Amino acid sequence: MILAENEIDAMSVLALAHMGDAVFELLVRRELCRGGNLTAGHLHRETVAHVSAKAQARAAKKLLPALSEREAAVYRRGRNAHSHAAPRGASAGEYHAATGLETLFGWLYLREERQRAEELFAMIWEEESDAS
């Protein structure tokens, strides 16, 4: 289903982050599954490690220089959102950066800018793979 630009712009930041959380996790899961024969337990642990607030905050930091002005504005909108959720295992700053990243991925997905989401994710994944 295609959403109008004004519908996407009218969504709350937390709705965009909710969508982006799913999009980001799906991209992580796809890449982990490409890695070969891993047990379900190993896949789960690796997924959790990549979608944690700490990992997403690191990813956001890597992406910031590559974002367009509009993408950076969406990221900042998400980062600055007031959430009542308490960070678990992450600082408040990391949690807010992760929310910004999720907001960006949700926004790109809903705008059907899948190729751009893939490009940004590839930047993150290549660096994560190189670090492993």
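Basis of the calculations
Residues numbered from 1 in each chain as written. Predicted model: local features only at pLDDT ≥ 70, side-chain atom pairs only at ≥ 80, totals over all residues. Heavy atoms only, no water. Helix = DSSP H or I, 4+ residues; strand = E, 2+ residues; numbered from the N terminus. Rg over C-alpha atoms; globule rule 2.2 N^0.38 Å. Buried < 20%, exposed > 50% of the residue type's maximum accessible area, 1.4 Å probe, protein only. Contact = heavy atoms within 4.5 Å. Areas by Shrake-Rupley, 256 points an atom, 1.4 Å probe, with all protein chains shown as cover. Lys, Arg positive; Asp, Glu negative; His and termini not counted. Charge placed at Lys NZ, Arg CZ, Asp CG, Glu CD. Phe/Tyr/Trp six-rings, centres within 6.5 Å; stacked < 30°, edge-to-face > 60°.

Caption draft 1: Region of interest: the overall build of the protein chain. Looking only at helices and strands, the protein chain features seven helices and zero strands. Reading the protein chain from its N terminus to its C terminus gives the helix and strand order α-α-α-α-α-α-α. Over its C-alpha atoms the protein chain spans a radius of gyration of 14 Å, differing by no more than 12% from the 14 Å that the globule rule assigns to 132 residues. When its C-alpha atoms are laid out on the principal axes, the protein chain stretches across 45 × 30 × 25 Å. Out of the 132 residues in the protein chain, the part that is buried amounts to 38%. Across the protein chain, contacts joining residues at least 24 apart in sequence account for 72% of those joining residues at least 6 apart. For the protein chain, the accessible surface area stands at approximately 7700 Å², while carbon and sulfur atoms represent 54% of it. Each charge sign in the protein chain was given a centre, from 16 positive and 19 negative side chains, and these centres are 5 Å apart.

Caption draft 2: View of the packing of aromatic side chains. Counted under the stated rule, the structure contains three aromatic pairs. With 5.4 Å between their ring centres and 75° between their planes, Phe24 and Phe105 make a pair best called edge-to-face. Of the two residues, Phe24 is situated in helix α2 (residues 13–34) and Phe105 in helix α6 (residues 92–110); the sequence distance between them amounts to 81 residues. By relative accessible area, which is 0% here, Phe105 ends up buried. Between Phe24 and Phe121 the ring centres are 5.6 Å apart and the planes differ by 75°, which places this aromatic pair in the edge-to-face class. Of this pair, Phe24 sits in helix α2 while Phe121 sits in helix α7 (residues 114–131), placing them 97 residues apart in sequence.

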